[in-house]
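Geometric and topological summary
Chain residues, written in single-letter form:
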Amino acid sequence: MTINVLNIKNGPTISKYIYGHFSEHLGRCIYEGIYVGEDSEIPNVNGIRTDVVEALKEIQIPVLRWPGGCFADEYHWKDGIGPKENRKKIVNTHWGGVTENNHFGTHEFFELVRQLDCEAYVNGNVGSGTVQEMQEWVEYITMAGESPMANLRRENGQEEPWKMKFFGVGNESWGCGGNMRPEYYADLYRQYQTYVRQYGTEKIYKIACGPNIDDYYWMDTLMKQAGPWFDGISLHHYALTGEWLDKGPATGFPESQWWSLMKSAKKMDELIQKHSIIMDKYDPEQRIGLIVDEWGSWLAVEPGTNPGFLYQQNTIRDAMVAAITLNIFNNHANRVYMANLAQTVNVLQSVILTEGKAMVKTPTYHVFNMYKNHQDAELVDYYGELPENISLSVSKKEHKLTVTICHYGLENEQELQLNFETEIHKYAGKILTTKVMDAHNTFGNPNNVKIEDYENIRTEGRKLNIKLPAMSVVSLELEV
Ligand code: AHR
């Protein structure tokens, strides 16, 4: 099959924030996975695991969303500041009913963001918080001069304000964030966001809670009634193997669940297309970004683990989900401005798993590594019929093209010919593939699934021929 790549035309920029992540106070994501405390034997800087920070920097994490999720609408930020021994202990009602000691709070989050050198996306509490509480949090974080909250921040050891680029006004307000109707939330959004003041020179990018999956009525209502007051609107869609209440296992699954997960992941394309049509109706200039701030595979928890902790293994099948979804986001770069994989460490489709001192990079991690050159590159269009079970996206930065291809079929090699508009001078290929459909990395065998150089490629002038094994993700770097 032949695909013609239109690499002379300039496309929209693929926002680097599409490669963002999400960390909630859930299970072992924040505690153990990211934050171990200053006194831990696990190497850390100011309580934050060094191995995890280094791994996330390698994939160029551009933005991190925190503190939830459902947790965000029960989080009262003042519980998480000041001396740790005085911080309030609360119950994490959503996630396992465990005690939350609030040792990871606002200061610790911004320290993490500093170490990662990425942008902060803070999600505020609408469900159980007040307008004043939200207003004061923004003041605490961003106010440089004299003010009650800026002075409180200084008393707690932080002289300068932090940079907070993104702020979410509520999470899943249609569900765990308050079970609201869209008309009611739209009004609340307008009220709460009024007090998300800009104290510094940096504009805060305000994000409204958007629809769950295909709730097009929610999108329409929000765009109509509150659109002028937000910069971005969220969308949540998780890839499932079947019914919400009957999640398939992460390993040892039947072939049918390979395919049902692929189908569910690919639905993201239809969702973005249909939500974009509604957004275009109210926002033809495409000022408002679609923020897919929760996505990824949601599978059954690992046997013997706390069901409220959402700890699942991560296999080559999840790598396919990541590769397909990131290609979809790239290909909708005109509307999708940010996306945040759920969740960074030890929860759902993690890029990293930890156990005590040990850390493992998952197959999904490797996909983010192979795709990182798409960040802030120009999207390149293509036409032609893609072979069965192939997903593709192409981008350009000066004379370099990045091509990412996923062959999510379970058997048979696929051949693909790419015709470019200019000559290929140099190329390099990488591949992530396995022979087994639930291959994964464990603490005992952390490099079972890993990136390798790929040479099954031929080029001639403007043509490139590539053979794609089943269950593979390939990235190509081309000089044209
Ligand atoms: O990511 C896990 C949960 O999924 C989040 O807390 C919530 O927003 C969503 O339902």
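Residues numbered from 1 in each chain as written. Predicted model: local features only at pLDDT ≥ 70, side-chain atom pairs only at ≥ 80, totals over all residues. Heavy atoms only, no water.

Near the ligand lie 13 residues; those nearest to it are Glu 24, Cys 70, Glu 172, Tyr 238 and Glu 294. In this structure, Glu 24 approaches the ligand through a side-chain N or O atom, which is 2.7 Å from an oxygen atom. At 3.0 Å, a side-chain N or O of Gln 343 approaches an oxygen atom of the ligand. Here the ligand has 280 Å² of accessible area as a free molecule, and 94% of this is covered by the chains. Residues of the shell around the ligand, tallied by class, amount to 7 nonpolar, 3 polar and 3 charged. (Near = heavy atom within 4 Å. Polar contact = N/O pair within 3.5 Å; in protein donor to acceptor, adjacent residues only side chain to side chain. Areas by Shrake-Rupley, 256 points an atom, 1.4 Å probe, with all protein chains shown as cover. Nonpolar A, V, L, I, M, F, W, Y, C, P; charged D, E, K, R; others polar.)

What follows concerns the domain arrangement of the protein. Its domain assignment divides the protein into domain 1 (14–378) and domain 2 (382–479). Look at where the C-alpha atoms of domain 1 and domain 2 centre, and you get two points 29 Å apart. Between domain 1 and domain 2, the contact holds 43 residues from the first and 39 residues from the second. Of the roughly 3,100 Å² buried between domain 1 and domain 2, counting both surfaces, carbon and sulfur atoms make up 66%. One can count 0 salt bridges joining domain 1 with domain 2. Along the contact surface separating domain 1 from domain 2 lie 18 residue pairs in polar contact (both at pLDDT 80 or more). Looking at the side of domain 1 that touches domain 2, the elements with two or more residues in it are helix H7 (255–282), helix H8 (316–331), strand E14 (352–355), strand E15 (358–361) and helix H9 (363–371). At 9 residues, the largest contribution of residues to the side of domain 1 that touches domain 2 is made by H8. Of the residues assigned to the side of domain 1 that touches domain 2, the class counts are 21 nonpolar, 15 polar and 7 charged. (Domains from an automatic or database assignment. Contact = heavy atoms within 4.5 Å. Buried area = accessible area lost by both parts, 1.4 Å probe. Salt bridge = Lys/Arg side-chain N within 4 Å of Asp/Glu carboxyl O. Helix = DSSP H or I, 4+ residues; strand = E, 2+ residues; numbered from the N terminus.)

The next point concerns the pattern of salt bridges. Any two side chains of opposite charge can pair, given that their charged atoms come close. Scanning all chains against the criterion turns up 23 salt bridges. Between Asp 51 and Arg 49 there is a salt bridge, with the nearest N and O atoms lying 2.9 Å from each other. The class for Asp 51 is partly exposed, based on a relative accessible area of 22%. Residue classification places Arg 49 among the buried positions, given a relative accessible area of 0%. Where Lys 88 meets Asp 79, a salt bridge forms, and the shortest distance between an N and an O atom there is 3.7 Å. Within the structure, one salt-bridge network assembled from shared partners comprises Glu 38, Lys 84, Arg 87 and Glu 108. (Buried < 20%, exposed > 50% of the residue type's maximum accessible area, 1.4 Å probe, protein only.)

Take the packing of helix H5 (residues 182–194) against helix H6 (residues 216–226) next. A pair of packed helices is captured by two measures, namely the crossing angle of their axes and the spacing between those axes. Orientation of H5 relative to H6, taken along the N-to-C sense of each, is 35°, at an axis distance of 9 Å. Crossing of H5 against H6: the hand is right-handed. For the pair H5 and H6, contact is made by Pro 182, Glu 183, Tyr 185, Ala 186, Tyr 189 and Arg 190 and by Tyr 217, Trp 218, Thr 221, Leu 222, Gln 225 and Ala 226, respectively. For the contact of H5 with H6, a count of residues per class yields 8 nonpolar, 2 polar and 2 charged. (Axes fitted to C-alpha atoms, helices over the stretch in contact; angles between N-to-C directions. Left-handed = near helix turned anticlockwise from the far one by under 90°.)

To continue, consider the nonpolar core. Membership of the largest hydrophobic core comes to 108 residues, with the highest contact counts inside it found for Phe 167, Trp 295 and Phe 329. In terms of residue count, H8 provides more of this core than any other element does, 10 residues in total. Counting contributing residues per domain, this core is built from domain 1 (14–378) and domain 2 (382–479), each supplying no fewer than three. Residues Val 5, Val 403, Leu 416 and Ile 424 belong to the second largest nonpolar core, which totals 24 residues. (Core = buried A, V, L, I, M, F, W, Y, C linked by side-chain atoms within 4.5 Å.)

This next bit is on the environment of Tyr 199. Along the polypeptide, Tyr 199 turns up in the loop between H5 and strand E10 (205–208). By relative accessible area, Tyr 199 is classed as partly exposed at 26%. Note: C-alpha distance between Tyr 199 and Leu 416 (217 residues apart in sequence) is 53 Å. Setting aside residues up to four positions removed in sequence, Tyr 199 forms contacts with Gln 135, Val 138, Glu 139, Thr 142 and Met 143.

We now examine the sheet that holds strand E2 (residues 20–22). Taken in spatial order, the 8 strands of this closed barrel run E2-E5-E8-E9-E10-E11-E12-E13, and their pairing is parallel. Ignoring strand direction, the axes of neighbouring strands in this sheet form an average angle of 25°. Here E2 pairs with strand E5 (residues 63–66) via 2 bridges, running parallel. In the strand pairing of E5, His 21 is matched with Leu 64. (Pairing = 2+ DSSP bridges.)

Read from one edge to the other, the open sheet built from 10 strands follows the order E21-E20-E24-E18-E17-E16-E1-E19-E23-E22, with strand pairing classed as mixed. Each edge of the open sheet is held by one strand with a lone partner, namely strand E21 (452–453) and strand E22 (457–460). Sheet topology places strand E17 (residues 390–397) next to strand E18 (residues 400–407); 8 bridges connect them, and they run antiparallel. Bridging across to E18, Ser 393 finds its partner in Thr 404. Along the sheet face, H9 touches E18, strand E20 (426–433) and strand E24 (472–479) and points at about 170° away from the line of E20.

Mapped onto the elements of the fold, His 107 is located in helix H2 (residues 106–116). For His 107, a relative accessible area of 14% translates into the label buried. Ignoring sequence-local partners within four residues, the contact set of His 107 consists of Ile 81, Tyr 140, Arg 153, Asn 156, Gln 158 and Trp 162.

The next thing to look at is the UniProt feature "domain: Alpha-L-arabinofuranosidase C-terminal" (unreviewed entry) in the protein. In this structure's numbering, the residues bearing the UniProt feature "domain: Alpha-L-arabinofuranosidase C-terminal" (unreviewed entry) are residues 293–472. Counting secondary structure, residues 293–472 comes out at 14% helix and 38% strand; the distance between its end C-alpha atoms is 26 Å. (UniProt positions renumbered as here; feature names shortened; annotations may be inferred.)

Its location among the elements puts Glu 172 in the loop between strand E9 (166–169) and H5. Taking the relative accessible area as the measure of exposure, Glu 172 reaches 12% and is therefore buried. As a C-alpha pair, Glu 172 and Gly 127 span 45 residues in sequence and 9.2 Å in three-dimensional space. Excluding its chain neighbours within four sequence positions, the residues that come into contact with Glu 172 are Cys 70, Gly 177, Gly 178, Cys 209, His 236 and Glu 294.

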